[in-house]
Amino acid sequence: MHEHYILGVHVTNRTVNSVEVQKVFSEYGCYIKTRVGLHDVDETGGLCSSTGIVVLEIIGGRAIVDQIIAKLKPIAGIQTELMVFSHPQ
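Residues numbered from 1 in each chain as written. Predicted model: local features only at pLDDT ≥ 70, side-chain atom pairs only at ≥ 80, totals over all residues. Heavy atoms only, no water.

Student: Would you take a moment to explain the pattern of salt bridges for this structure?
Tutor: Opposite charge on two side chains permits pairing when their charged atoms draw close. With the rule as written, the count across this model stands at 2 salt bridges. A salt bridge links Lys 71 to Glu 27, with the nearest nitrogen and oxygen atoms 2.8 Å apart. Separated by 44 residues along the polypeptide, Lys 71 in helix α2 (residues 62–72) and Glu 27 in helix α1 (residues 14–27) bring together distant segments of the chain. Given a relative accessible area of 38%, Lys 71 falls into the partly exposed group. Exposure remark for Glu 27: the relative accessible area of 46% places this residue in the partly exposed category. For Asp 66, the salt bridge goes to Arg 62, with nearest N and O atoms at 2.9 Å. With a gap of 4 residues between them, Asp 66 and Arg 62 both fall in helix α2, about one helical turn apart. (Salt bridge = Lys/Arg side-chain N within 4 Å of Asp/Glu carboxyl O. Helix = DSSP H or I, 4+ residues; strand = E, 2+ residues; numbered from the N terminus. Buried < 20%, exposed > 50% of the residue type's maximum accessible area, 1.4 Å probe, protein only.)

Here is the structure:
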């Protein structure tokens, strides 16, 4: 059985927390196949929301995913949600 891992990371107060979050992403960068960041902005660029969501497609197995979650968990204002899709090889 092959598993596909998608990790959602909700970041609050991103101006404060983004440095610590980025350190974790850099540490596991070779396991992050896809990264998409979402946050609110207005048409002029004058509003940039302090919260955001990062969606990660992670390779390397469940142990790697669990390590990433464990590193993110202690960071204040971070919430993670994991989706696992399984299919036969």
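Student: Help me understand the pairing of strand β3 (residues 52–58) in this model?
Tutor: Both faces of the sheet carry side chains from a regular strand, because those side chains alternate between them. Most of β3 sits inside the fold, with 5 of its 7 residues counted as buried. Sheet topology note: the strand β1 (residues 2–11)/β3 ladder contains 7 bridges and is antiparallel. Within the sheet, the bridge partner assigned to Leu 7 lies in β3 and is Leu 56. The pairing of strand β2 (residues 32–38) with β3 spans 6 bridges and is classified as antiparallel. Among the inter-strand pairings, Thr 34 is bridged to a residue of β3, identified as Glu 57. (Pairing = 2+ DSSP bridges.)

Keep in mind these numbers describe shape, not what the thing actually does.
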